[in-house]
Amino acid sequence: MNGPRHTEDLLIVGAGGFARETAQAVRDVAAADAARGLPPRWRLAGHLDDDPALAGRDVDGVPVLGGSDRVHELRSARVVVCVGSPRDYAVRARLVRRLGLPVNRYATVVHPTAAVSGSSVLGAGSVLLAHCVLTAAVRVGSHVAVMPQVVLTHDDAVGDFATLASGVRLGGGVRLGRGAYVGAGSLVREYTTVGAWSLTGMGSTVLADVPAGEVWAGSPARRLRAADAPALDELRTDGEMTGRRPGTRMESPVA
């Protein structure tokens, strides 16, 4: 039998939009815990951001404690890395590699309104924001960003470091490669593969496989060009990253 749950400190690496959304999700988890008469799962210790201009400031009431390397000083805190944008969606992978933390340092944050089936699994360091749905036997890797109102249906598999922007819908059996970025409102046809470090533009309708390292957009989506250099650099270094493999089962909704 498990003993009483203890509140742990949580550090959010990054202080931009995704990091702020994750901080709000952590607050919402705490509120849901309180409503159930439970102690809070996390104490939001602060943001870590490598922009020196942010050090010592508050972001939405949460202090910026310094740069990301402070994770090595604050050893008792759990960590979630919340950086990245369509302009450089490989930055999260680079930062995780640079920090070199063991897997058990990473938290997995799931907003209390997310619906995660018992047959679905999440990797370490991933974040699911409000009103996401994982229906049946969905596998989400490590350090994956799942934005609000994303729907992942039966047998979908999402690789490490992928980003699913708000309102994405994946048909059953879709495979998203490592580091893939799926733009807001995109629809991906069932049993389609979106290759590693590729990007699909917002509002795209993906009806055919997207090769690794390419940018596709439109309805139906078509190739526009090769991905930008940061993503292609990560494509070339695939296999060097360490951490929990996609599909590793978490022990609780937030691990």
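My aim in this report is to walk through the structure given alongside it, one point at a time. Counting restarts for each chain, with residues numbered from 1 along the sequence as it is written. Per-residue local features of the predicted model are confined to residues with pLDDT of at least 70, and side-chain atom pairs are confined, for both listing and counting, to 80 or more; whole-chain, interface and lining totals are unaffected and use all residues. The basis for every side-chain value is the complete set of heavy atoms in the structure, and neither hydrogens nor water enter the calculation.

1. Some details on the overall build of the protein chain
Labels follow the DSSP assignment, with helices taken as runs of H or I lasting at least four residues and strands as runs of E lasting at least two, numbered in each case from the N terminus. Looking only at helices and strands, one finds three helices and 24 strands in the protein chain. Atoms counted for the radius of gyration: C-alpha only. Globule rule: 2.2 Å times the number of residues to the power 0.38. In terms of overall dimensions, the protein chain is globule-like: its C-alpha atoms have a radius of gyration of 17 Å, near the 18 Å expected for 255 residues. Structurally, the protein chain occupies a C-alpha span of about 50 × 40 × 30 Å along its principal axes. For every residue, the accessible area (1.4 Å probe, protein chains only) is compared with the maximum for its type, and the residue is labelled buried under 20%, exposed over 50%, or partly exposed between those bounds. Counting across all 255 residues of the protein chain, residues that qualify as buried make up 51%. Only heavy atoms matter for contacts: two residues are in contact if any of them lie within 4.5 Å across the pair. Contacts spanning at least 24 positions in sequence make up 37% of the contacts within the protein chain whose residues lie at least 6 apart. None of His or the chain ends enter the tally, which takes Lys and Arg as positive and Asp and Glu as negative. In this description, the location of a charge corresponds to atom NZ of lysine, CZ of arginine, CG of aspartate or CD of glutamate. Side-chain charges in the protein chain split into 28 positive and 25 negative, and the spacing between the mean points of these groups amounts to 2 Å.

2. Looking at the packing of aromatic side chains
Any two of the Phe, Tyr and Trp rings considered here, Trp counted by its six-membered ring, make a pair once their centres fall within 6.5 Å; the pair's planes then place it as stacked at under 30 degrees, edge-to-face at over 60, or tilted in between. Scanning all chains against the criterion turns up one aromatic pair. Ring centres 5.6 Å apart and planes at 50° place the aromatic pair Tyr89 and Tyr181 in the tilted group. Here Tyr89, found in the loop between strand 5 (78-81) and helix 2 (91-99), pairs with Tyr181, found in strand 18 (residues 181-182); they are 92 residues apart in sequence, far enough to count as distant. Among the residues examined, Tyr89 registers a relative accessible area of 8% and is labelled buried. Since its relative accessible area comes to 11%, Tyr181 is described here as buried.

3. Looking at helix 2
Residues of helix 2 that are buried include every one of Arg92, Ala93, Leu95, Val96 and Leu99, and no others. One side of helix 2 holds all its buried residues, which, seen down the axis, span an arc of 165°. Among the structural elements, strand 1 (8-13), helix 1 (17-35), strand 5, strand 12 (145-146), strand 15 (163-164) and helix 3 (229-236) are those in contact with the buried residues of helix 2. Within two residues after helix 2, Gly100 carries a phi angle of roughly 60°, on the positive side. Working note: the arc is built from the helix axis to C-beta atom directions.

4. As for the pattern of salt bridges
One side chain can pair with another of opposite charge once the charged atoms of both are near each other. The salt bridge criterion pairs a side-chain nitrogen of Lys or Arg with a carboxyl oxygen of Asp or Glu, the two atoms within 4 Å. According to the stated counting rule, one finds 14 salt bridges in the structure shown. A salt bridge links Arg178 to Asp238; its shortest N-O distance comes to 3.2 Å. Taken together, the residues Arg178 in the loop between strand 17 (175-176) and strand 18 and Asp238 in the segment after helix 3 connect sequence positions 60 residues apart. Residues participating in the shared-partner salt-bridge network are Asp50, Asp69 and Arg98.

5. As for the sheet that holds strand 8 (residues 121-122)
Note: two strands are recorded as paired if DSSP finds a minimum of 2 bridges between them. Read from one edge of the open sheet, five strands run 8-11-14-17-20, paired in parallel fashion. At either margin of the open sheet sits one strand with a lone partner, and together these are strand 8 and strand 20 (193-194). Of the strand pairs in this sheet, strand 17 and strand 20 are connected by two bridges, and their pairing is parallel. Bridge pairing links Leu176 to Val194 in strand 20.

6. Comments concerning the pairing of strand 23 (residues 214-218)
Bridge count for strand 21 (residues 199-200) against strand 23 is two bridges, and the pairing is parallel. When the bridges of strand 23 are listed, Thr200 appears paired with Trp216. One ladder, built from five bridges, connects strand 23 with strand 24 (residues 221-226); its direction is antiparallel. Paired with Trp216 across the bridge in strand 24 is Arg223. Two successive antiparallel strands, strand 23 and strand 24, enclose a turn made up of two residues.

7. Section: the sheet that holds strand 2 (residues 42-48)
Spatially, 2-1-5 is the arrangement adopted by the three strands of the open sheet, whose pairing is parallel. On the outer flanks of this sheet lie strand 2 and strand 5, each paired with one strand and no other. Within this sheet the neighbouring strands show an average axis-to-axis angle of 25°, counted without direction. Note that strand 1 and strand 2 share six bridges and pair parallel. Within strand 2, the position partnered with Val13 by the bridge is Leu48. Fitting a line to C-alpha atoms yields each axis, with helices limited to the stretch in contact; the angle taken between N-to-C directions then spans 0 to 180 degrees.

8. Points about the environment of Gln149
Looking at where Gln149 falls in the secondary structure, it is placed in the loop between strand 12 and strand 13 (151-152). For Gln149, a relative accessible area of 46% translates into the label partly exposed.

9. Brief notes about helix 1
Multiplying 1.5 Å by the residue count of a helix minus one yields the expected span of that helix. The end-to-end C-alpha distance of helix 1, which contains 19 residues, comes to 27 Å, matching closely the 27 Å that a straight helix rising 1.5 Å per residue would cover. Along helix 1, the residues that are buried comprise Phe18, Ala19, Thr22, Ala23, Ala25, Val26, Val29 and Asp33. Angularly, the buried residues of helix 1 cover 160° about the axis, an arc narrow enough to put them on a single face. Relative to its buried face, helix 1 has exposed residues pointing more than 90 degrees away, namely Ala34 and Ala35.

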